[in-house]
Amino acid sequence: MGRALLVYRLAVRDLRHHAAQAILLVVAISAAAATLTMALSMNGVTSQPYAATKTATDGPDVVAYLTSPAQAKSLVHAPGVASSSGPYPVAAAVIGFDGRTAGAFAQGRSQAPAAVDQPDVTAGSWVRPGGVVLERTFAEALGTGVGDVVTLNGQRFTVAGIAVTAAQPPYPNLCYFTASSCPPWSTVPGGDFRNVGLIWMTEAGALGLASKANPLTATYVLNLKLTSPADADAFASQRFVPPPGPSSTPGFQAPYLGPQFSTWDGIAAADALLVQDAQSVLEPGALLLALIAIASVTVLVGRRLSEYARRVGLLKAVGSTPGMVAAMFLAENLVLALLAAVIGIAAGALAAPLLTNPGAALVGAPGAPSLTAGTAVEVVGLALVVALAATLAPAIRAARTSTVAAINDVARPPRRRGALIKISAGLPVPVLFGLRLVARRPRRALLSAANVAVTVAGIVVVLSFHATVNSRLAAAASESLTAGGLSDPVVTRDEQMLTVVTIMLLVLAALNAIFTTWATVIDARRATALLRALGAQVPQVGSGLVVAQVLSALPGAIAGVPLGLALFDVLVKNASLPPAPWLAGAVLGALLVMAALTVIPARMGARQPVVEVLQAEAA
Amino acid sequence: MSGSGTALLRTRGLRKDYGKGEGLVRAVDEVDMDVAPGETLAVMGPSGCGKSTLLHLLGGLDRPSAGELWLNDTRTDQLSERALAGLRRREIGFVFQAFHLMDELTARENVELPALLAGSTARQARRRALALLDRVGLTDRADHLPSALSGGQRQRVAIARALVNDPVVVLADEPTGNLDSAATLDVLRLFEHLHASGLTLVIVTHDERVAATADRLVSMRDGALVDETRLTGGGMRSVADLLRLEES
């Protein structure tokens, strides 16, 4: 008990005396913890709104896509079917509004309410002759509202209303299965499978969309409610007719007659696609931030430890065991990590609803982000792992330090790199000094490189994302498949996520760069003072400190490029490589920013009074 | 207090204050001093009397609060930091009590360092360093790290480093303060050679044996010069006496 009290007392006093360092440490870990909280909170976030929408719209358990209305009869009367609506004809069309165009599936509906899947009109009114209703997310992307006039295959219609449904996933995931299983309605003029929206209109209106230039490719939708919704998958798989295989007769392909099915749980999962991308950005983002946090905490802890070598010696001299010394350092940092985890969880939980809003596609409030005990445990675990990974080695080193050496504050001898010293002898003074500084503390140089590698990787992910989006838009445009001018809500959300994560990465990396430079400045103060006593100029010494940081950062900046590309490749299939100048710009930019961030601490370090430093070192 | 008529180092009304108001400490107080070319000057006095501060001012490591400071015909108290650095590089060599060698550099690399700072090529610096290490009797220790050298050997490396750019004056702050008797004699022998070669030396010391080797001895108290003694027959003869004394 007495020992625990001593550890507590020493830790608290130390934290009070070094509040700024403690705050920086908490900030670094909190950022990673908050990001992970947001990522984990998205699990199941859309399930609640989907359920609310299904109830509000009498949503179907199974949706059947037929190639002929005659196929409906056997399904409507199949065992287990409680009620149904349809079949409704579906026509493929190109919708145009205010210069923007997109592919659309126009579902022909009765003006009377349907028993199953009666879309919930959130603005305006239900379909009427000459008046169409747009799915809400699609309407938002198109920028249209009630009363606007849109064109469908060149014909003019008024937007009578905006509605939501639980029978189809919202834009841009309407055809959510896969490209191959999207038929029979996949050949949408003006749309690919990600850029198609849903429209309801009168049956006559849907059938009237055909023209000579644009012959109607119709299919039919049949909505089924089952007595046991849990059996939806079994119901669908029993009745699914697989598409015909490749024909043995060249040039001939047997027509696919269907039917195909989608089930309520598949639709719910497709709804979750709205936040899935964001999740797939946040989770690796949290990992990157955690890596930077480890680098930051390692530098901070290492710096504090070297500052307190004498304290370690005194503790040991008065009888502290090596274990107790290690416990003190560990306890201090683990308590800070726990505090950071709590702050991170709170910040993540507060921010998550802003990010997890499932958009306009569903009714009801988005599910409160599911901050479960499991999420909290994972986040606390991450924070503790970060602190432990960064603290364990220095704590053990403190415990093992010779008491006499520690009490005399004998600095850890720098490494000698003979080859580097030899090479540097022929270089200009700033490079000579910088190179030798790097060689003195290779572990710190490695941490600095890791910090920059992670940051550049984050930047490369952002660049890759934009390159991929640009390339997909360009490909779609070249094939006239683009949803011309429409914003993709998922892309917009991904951009927001990436921006948030990138800003956090940059801020942490900047802090880390400053910590590292300062640690180098403190560590090199004797060498700096000595060089100045021997006639080196302040700018030469200051430049040397900057060169040391840039040299450490260089391999990290270069390694960050393949790291970022590999990470993005894992996150996104069919990713496009960013142009080489973008990547070169990322590397050069990171190095320039690194140099700029280190100029002030380096100049301060170079200007330290020579006599004071040399006398302090001699004492 | 003056030495010869054409002083290499000259101070007039040199003052260095630390702190303000009631906490003001005058470390160097109105010092007038001339050091002639080729002269060896010893500065003695009790701890805290301002000896080291005076040496730091002479070497441009610190700036005076008032007064004038001249090296040859250059008024150094008004020089920019950059010009002072150049002066330290070319004209002045420092020898510290605590040696202040770079732990990760070998003896040769430590000696090379000021030469590289002064713009010598790596080859020139190496050649010069090896020659100086030979001169201080450490040829066989050229590739040893400071941790593998004795205190006397480290100080000899530091002296070689101070000489690498052919300075006009060497300023030594308690150069034997951390050395045993044998090592002290080694260092004194070196200073004797430097003196004989015409180099100007200013040595701050507590050690009367070291002071006895000088041409002139000044004493300091409370920052001011209070006494001056011209030591007849200083230099080589005194060291020889010391050597005989140690050997007997």
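The shown structure was predicted, so the numbers you read here are calculated from the model rather than taken from an experiment.

## Quick look at the overall build of chain A
So, step 1. Along chain A, the regular secondary structure elements total 20 helices and 10 strands.
So, step 2. When each of the 619 residues of chain A is scored for burial, the buried share is 51%.
So, step 3. If you take every contact in chain A between residues at least 6 apart in sequence, the share linking residues at least 24 apart comes to 87%.

## Here's the deal with the pairing of strand E9 (residues 216-221) of chain B
Residue and element names in this part refer to chain B.
So, step 1. The pairing of strand E3 (residues 40-44) with E9 spans four bridges and is classified as parallel. Looking at the pairing, Ala42 lines up with Leu217 of E9.
So, step 2. Relative to strand E10 (residues 224-230), E9 runs antiparallel, the two sharing six bridges. Paired with Arg221 across the strands is Ala224, a residue of E10.

## Details of the interface of chain B and chain A
So, step 1. Listed per partner, the contact involves 29 residues of chain B and 25 residues of chain A.
So, step 2. Of the residues that constitute the side of chain B that touches chain A, the class distribution is 15 nonpolar, five polar and nine charged.

## Here's the deal with the nonpolar core
Residue and element names in this part refer to chain A.
So, step 1. Within the largest apolar cluster, 176 residues are counted, with the highest numbers of intra-cluster contacts made by Ile29, Ala32, Ala33, Leu289, Ala293, Val386 and Val456.
So, step 2. Per-element accounting of this core gives the leading share, 15 residues, to helix H15 (residues 442-478).
So, step 3. Taken domain by domain, the makeup of this core includes at least three residues from each of domain 1 (1-48 + 273-412) and domain 3 (415-619).
So, step 4. Contacts of Ile29, omitting those with residues within four sequence positions, involve Ala293, Val297, Ala337, Ala340, Gly344, Ala383, Val386 and Ala387.
So, step 5. Formed by 58 residues, the second largest nonpolar core is a distinct cluster that contains Val63, Ile95, Ala104 and Leu134.

## Looking at the packing of helix H2 (residues 19-41) of chain A against helix H11 (residues 373-400) of chain A
Residues and elements named next belong to chain A.
So, step 1. Look at H2 against H11: their axes get within 9 Å of each other, and the N-to-C directions meet at 155°. By the criterion of interaxial angle, the relationship of H2 to H11 is roughly antiparallel. Judged by the sense of rotation from one axis to the other, the crossing of H2 with H11 is right-handed. Of H11, the residues touching H2 (which contributes Ile29, Ala32, Ala33, Leu36, Thr37, Leu40 and Ser41) are Thr375, Glu378, Val379, Leu382, Ala383, Val386 and Ala387.
So, step 2. Grouping the amino acids of the contact of H2 with H11 by side-chain chemistry returns 10 nonpolar, three polar and one charged.

## Details of the environment of B:Gly50
Residue and element names in this part refer to chain B.
So, step 1. Position of Gly50 relative to the elements: it lies in the loop between E3 and helix H1 (51-58).
So, step 2. For Gly50, a count of 24 C-beta atoms within 10 Å translates into the label buried.
So, step 3. Spatially, the C-alpha atoms of Gly50 and Val28 are 5.7 Å apart, while their sequence positions differ by 22 residues.
So, step 4. If near-sequence neighbours (up to four positions away) are discounted, Gly50 is found in contact with Ala27, Val28, Met220 and Gly223.

## A look at helix H19 (residues 580-606) of chain A
So, step 1. The first and last C-alpha atoms of H19(A) sit 37 Å apart over 27 residues, in line with the 39 Å expected at 1.5 Å per residue.
So, step 2. At A:Val599, H19(A) is deflected by roughly 40°, the largest bend along its length, and proline A:Pro601 occurs up to four residues later in sequence.

## Remarks on the sheet that holds E3(B)
Residues and elements named next belong to chain B.
So, step 1. Here six strands make up an open sheet; going across it, the order is E6-E7-E8-E3-E9-E10 and the pairing mixed. Edge strands, defined here as strands with exactly one partner in the open sheet, are strand E6 (92-95) and E10. Adjacent strand axes in the sheet meet at a mean angle of 20°, parallel and antiparallel pairs treated alike.
So, step 2. The pairing of strand E7 (residues 169-173) with strand E8 (residues 200-204) spans five bridges and is classified as parallel. By the bridge assignment, Leu171 is partnered in E8 with Val202.

## Overview of the sheet that holds strand E1 (residues 9-18) of chain B
All names here are of chain B.
So, step 1. Across the sheet, which stays open at both edges, the four strands sit in the order E2-E1-E4-E5 with antiparallel pairing between neighbours. Looking at the sheet topology across the chains shown, the edges are occupied by strand E2 (25-35) and strand E5 (74-75).
So, step 2. Here two bridges tie strand E4 (residues 66-71) to E5, and the two strands are oriented antiparallel to one another. Note on E5: the bridge partner recorded for Leu71 is Thr74.
So, step 3. Sitting on the sheet, H1 is in contact with E1, E2 and E4, with an inclination near 60° to E2.

## Regarding the environment of A:Ser85
Residues and elements named next belong to chain A.
So, step 1. Locating Ser85 in the fold gives a position in strand E2 (residues 81-97).
So, step 2. When the 22 C-beta atoms within 10 Å are taken as the criterion, Ser85 is described as buried.
So, step 3. Placed 137 residues apart in sequence, Ser85 and Leu222 show a C-alpha to C-alpha distance of 6.0 Å.
So, step 4. The contact partners of Ser85, leaving out residues within four places of it in the chain, are Ala114, Ala115, Val116, Asp117 and Asn223.

## Thoughts on the packing of helix H14 (residues 429-440) of chain A against helix H18 (residues 538-571) of chain A
Residues and elements named next belong to chain A.
So, step 1. Where H14 contacts H18, the two axes come as close as 7 Å, and the packing angle between them is 50°. On the basis of the axis angle, H14 is oblique to H18. The two elements H14 and H18 cross, and the hand of that crossing is right-handed. Residues Val429, Pro430, Val431, Phe433, Gly434, Leu435, Leu437 and Val438 of H14 form the contact with H18, whose participating residues are Gln540, Val541, Ser543, Gly544, Leu545, Val547, Ala548, Leu551 and Ser552.
So, step 2. Taken together, the residues that form the contact of H14 with H18 break down as 12 nonpolar, five polar and no charged.

## Section: unusual backbone geometry
So, step 1. Even without being a glycine, B:Asp166 presents a positive backbone phi close to 50°.
So, step 2. If you trace the backbone, B:Asp166 turns up in the loop between helix H5 (151-163) and E7.

## Re the confidence of the model for chain B
So, step 1. Overall, the prediction assigns chain B a mean pLDDT of 87, with 91% of residues at 70 or greater.
So, step 2. This complex was scored by the predictor with a pTM of 0.62 and an ipTM of 0.73.

## Quick notes on the environment of A:Gly434
All names here are of chain A.
So, step 1. Residue position: Gly434 is located in helix H14.
So, step 2. Spatially, the C-alpha atom of Gly434 lies 7.8 Å from that of Ser543, the residues being 109 residues apart in sequence.
So, step 3. Those residues in contact with Gly434 that lie beyond four places of it in its chain are Gly544, Val547, Ala548 and Leu551.

Cut-offs and rules
- Residues numbered from 1 in each chain as written.
- Chains lettered and ligands numbered in written order.
- Predicted model: local features only at pLDDT ≥ 70, side-chain atom pairs only at ≥ 80, totals over all residues.
- Helix = DSSP H or I, 4+ residues; strand = E, 2+ residues; numbered from the N terminus.
- Buried ≥ 20, exposed ≤ 12 C-beta atoms within 10 Å, placed from the backbone.
- Contact = placed C-beta atoms within 7 Å.
- Pairing = 2+ DSSP bridges.
- Nonpolar A, V, L, I, M, F, W, Y, C, P; charged D, E, K, R; others polar.
- Core = buried A, V, L, I, M, F, W, Y, C linked by C-beta atoms within 7 Å.
- Domains from an automatic or database assignment.
- Axes fitted to C-alpha atoms, helices over the stretch in contact; angles between N-to-C directions.
- Parallel < 35°, antiparallel > 145°, perpendicular 65-115°, else oblique.
- Left-handed = near helix turned anticlockwise from the far one by under 90°.
- Expected span 1.5 Å × (residues − 1).
- Bend = angle between axes of the 7 residues up to and from the residue.
- pLDDT = per-residue confidence, 0-100.

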